[in-house]
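# Summary of structural features
What follows is the residue order along each chain.
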Amino acid sequence: MKIETVGVIGAGTMGNGIAQVFAAAGFPVVMQDLSQEALDRARATMQGSLARQVKKGVLTEAEADSALARITQATTLDPMADCDLVVEAIVERLEVKTGVIGQLDAICRKDTVLASNTSSISLTQLAAASTHPGRVIGMHFFNPVPVMQLVEIIRALQTTDEVAAAVTEATLAIGKTPRVSKDSYGFIVNRLLAPLINEAINCVYEGLATPEDIDSMMKLGANHPMGPLALGDLIGLDVVLNIMETLYSGFDDPKYRPSPLLKQMVHAGYLGRKSGRGFAHYAT
Ligand code: NAI
């Protein structure tokens, strides 16, 4: 099983980064979204991101141009018929993702690998929606995709060794570092990271210290490059709440209970950088 052609479904924040890194590594990529507007925006974003990589000396101008030329676009799933690997990066809703898996089952070859970039949905549940569950796997990229080194590879209970090996090899081929884990709530990175951010928010809630001081304590005392509250603002507090709720309900364990202040921040629309206000204020 060798991956030579790649399909990316969803041209949002993650989809355009994923398409770009595969194309920059020489893979022909077909990118699909229901919305032509999203595809147009994605092309402009990829152009800007590739231009920054040229400026930094990561790519030459010719390499950036040919990466962009390797990406074709579509508004239907039909071109996925020719792909060895399809990476899905659409809205985080189980029924939408299983719907797409059903469509791909009808369109793709039976050995096409179906990877999901989901950050919280059970891969085992997604795999169960496929007529060939052994080919379903998690490929969890991190934002911003062109910069972040890790791809968390999540094996569903049904994923075959062959599929896990092919996806690991493809991850190395795009210059990223694969690390494999079994399917579980929050996988590894979010299971560790979200409770840290949540507990920092509890410290603010209890009035123990200011957000600035909590962040600087973790930078100076734990050598973190960024404080947990600034990181929560960067990820999006709604996303952090979503992960905490997944952990809390999945494990049914009070240690994952979302902070009351985290819930209030989300209800108030203080989502972090993207809304201009979280634990800090941001120019929008
Ligand atoms: P986004 O909202 O930026 O983009 C989603 C795109 O999917 C939109 O362009 C939308 O038009 C398209 N879409 C929706 N339904 C579709 C369908 N049925 N067929 C084709 N296209 C469809 O979302 P984002 O942030 O890129 O997230 C995508 C996935 O990646 C989610 O599963 C999310 O949990 C996961 N993820 C997100 C991270 C982040 O930092 N944003 C990090 C890691 C994973």
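Residues numbered from 1 in each chain as written. Predicted model: local features only at pLDDT ≥ 70, side-chain atom pairs only at ≥ 80, totals over all residues. Heavy atoms only, no water.

A count of helices and strands for the protein gives 11 helices and 8 strands. At 19 Å, the protein has a C-alpha radius of gyration in line with the 19 Å of a compact globule built from 284 residues. Counting only C-alpha atoms, the protein reaches 55 × 45 × 30 Å along its principal axes. The contacts of the protein with a sequence gap of at least 6 include a subset with a gap of at least 24, amounting to 66%. Side chains of the protein give 24 positive and 30 negative charges; the mean places of these two sets differ by 3 Å. (Helix = DSSP H or I, 4+ residues; strand = E, 2+ residues; numbered from the N terminus. Rg over C-alpha atoms; globule rule 2.2 N^0.38 Å. Contact = heavy atoms within 4.5 Å. Lys, Arg positive; Asp, Glu negative; His and termini not counted. Charge placed at Lys NZ, Arg CZ, Asp CG, Glu CD.)

Let us now look at the UniProt feature "domain: 3-hydroxyacyl-CoA dehydrogenase C-terminal" (unreviewed entry) in the protein. Annotation from UniProt places "domain: 3-hydroxyacyl-CoA dehydrogenase C-terminal" (unreviewed entry) at residues 186-282. Across residues 186-282, the secondary structure splits into 62% helix and 0% strand, with the terminal C-alpha atoms separated by 28 Å. (UniProt positions renumbered as here; feature names shortened; annotations may be inferred.)

By size, the foremost hydrophobic cluster in this structure holds 40 residues, and its most contacted members are Ile18, Phe22, Val29, Leu85, Met139 and Phe141. Looking at this core, the element that brings in the most residues is helix H1 (residues 13-24), giving 6 residues. Beyond its immediate chain neighbours, meaning those up to four positions away, Phe22 contacts Val6, Phe27, Val29, Leu85, Val87, Met139, Phe141 and Ile174. Membership of the second largest hydrophobic core comes to 21 residues, among which are Ala194, Leu241, Ile243 and Leu261. (Core = buried A, V, L, I, M, F, W, Y, C linked by side-chain atoms within 4.5 Å. Buried < 20%, exposed > 50% of the residue type's maximum accessible area, 1.4 Å probe, protein only.)

With that settled, consider the site of the ligand. Taken together, the neighbourhood of the ligand is formed by 23 residues, with Met14, Asp33, Glu92, Lys97 and Ser119 sitting nearest. Residue Met14 places a main-chain N or O atom 2.8 Å away from an oxygen atom belonging to the ligand. Taken together, the elements giving at least two residues each to the shell around the ligand come down to H1 and helix H4 (94-107). By residue number, the principal contributor to the shell around the ligand is H4, which donates 3 residues. (Near = heavy atom within 4 Å. Polar contact = N/O pair within 3.5 Å; in protein donor to acceptor, adjacent residues only side chain to side chain.)

For the rest of this paragraph, the subject is the environment of Leu261. By secondary structure assignment, the location of Leu261 is in helix H11 (residues 260-267). Between the C-alpha atoms of Leu261 and Tyr282, which are 21 residues apart in sequence, the distance is 19 Å. Here Leu261 is in contact with Ile201, Val204, Tyr205 and Phe279, once residues within four sequence places are set aside.

Turning to the packing of aromatic side chains, a few remarks are in order. What the rule picks out here adds up to 3 aromatic pairs. Ring centres of Phe22 and Phe27 lie 5.4 Å apart, and the angle between their planes is 85 degrees; on these two criteria the pair is classed as edge-to-face. Side by side, Phe22 and Phe27 carry an identical accessibility label, which is buried. Through a chain of ring-to-ring contacts, the aromatic side chains of Tyr185, Phe251 and Tyr256 assemble into a single cluster. The residue whose ring lies beneath Arg277 is Tyr270, and the NZ or CZ to ring-centre distance is 3.9 Å. (Phe/Tyr/Trp six-rings, centres within 6.5 Å; stacked < 30°, edge-to-face > 60°. Lys NZ or Arg CZ within 6 Å of the ring centre and 35° of its normal.)

Attention shifts here to the pattern of salt bridges. Under the defined criterion, the tally for this structure stands at 10 salt bridges. A salt bridge links Lys2 to Glu169; the shortest N-O distance between them is 3.2 Å. Highlighted residues: Lys2 in the segment before strand E1 (6-9) and Glu169 in helix H6 (residues 161-173), separated in sequence by 167 residues. Across the pair Glu95 and Arg93 runs a salt bridge, and its minimum N-O distance is 2.9 Å. Here Glu95 falls in the partly exposed class, since its relative accessible area comes to 48%. Judged by relative accessible area, Arg93 falls into the partly exposed class, the value being 43%. If you follow the salt bridges from partner to partner, you end up with Asp84, Arg109 and Asp111 in one network. (Salt bridge = Lys/Arg side-chain N within 4 Å of Asp/Glu carboxyl O.)

Turning our eyes to something else, we now look at the packing of helix H2 (residues 36-55) against helix H3 (residues 61-69). H3 packs onto H2 with a crossing angle of 160 degrees between their chain directions and a minimal axis gap of 9 Å. By the criterion of interaxial angle, the relationship of H2 to H3 is roughly antiparallel. Crossing handedness for the pair H2 and H3: right-handed. Two secondary-structure elements touch here, H2 through Arg43, Met46, Gln47, Leu50 and Val54 and H3 through Glu61, Ala64, Ala67 and Leu68. For the contact of H2 with H3, the residue count by class is 6 nonpolar, 1 polar and 2 charged. (Axes fitted to C-alpha atoms, helices over the stretch in contact; angles between N-to-C directions. Parallel < 35°, antiparallel > 145°, perpendicular 65-115°, else oblique. Left-handed = near helix turned anticlockwise from the far one by under 90°. Nonpolar A, V, L, I, M, F, W, Y, C, P; charged D, E, K, R; others polar.)

A few words on helix H9 (residues 228-235). Here H9 has its buried residues at Pro228, Leu229, Leu231, Gly232 and Asp233. Of the surrounding secondary structure, the elements contacted by the buried residues of H9 are helix H7 (189-205), helix H8 (211-222) and helix H10 (237-251).

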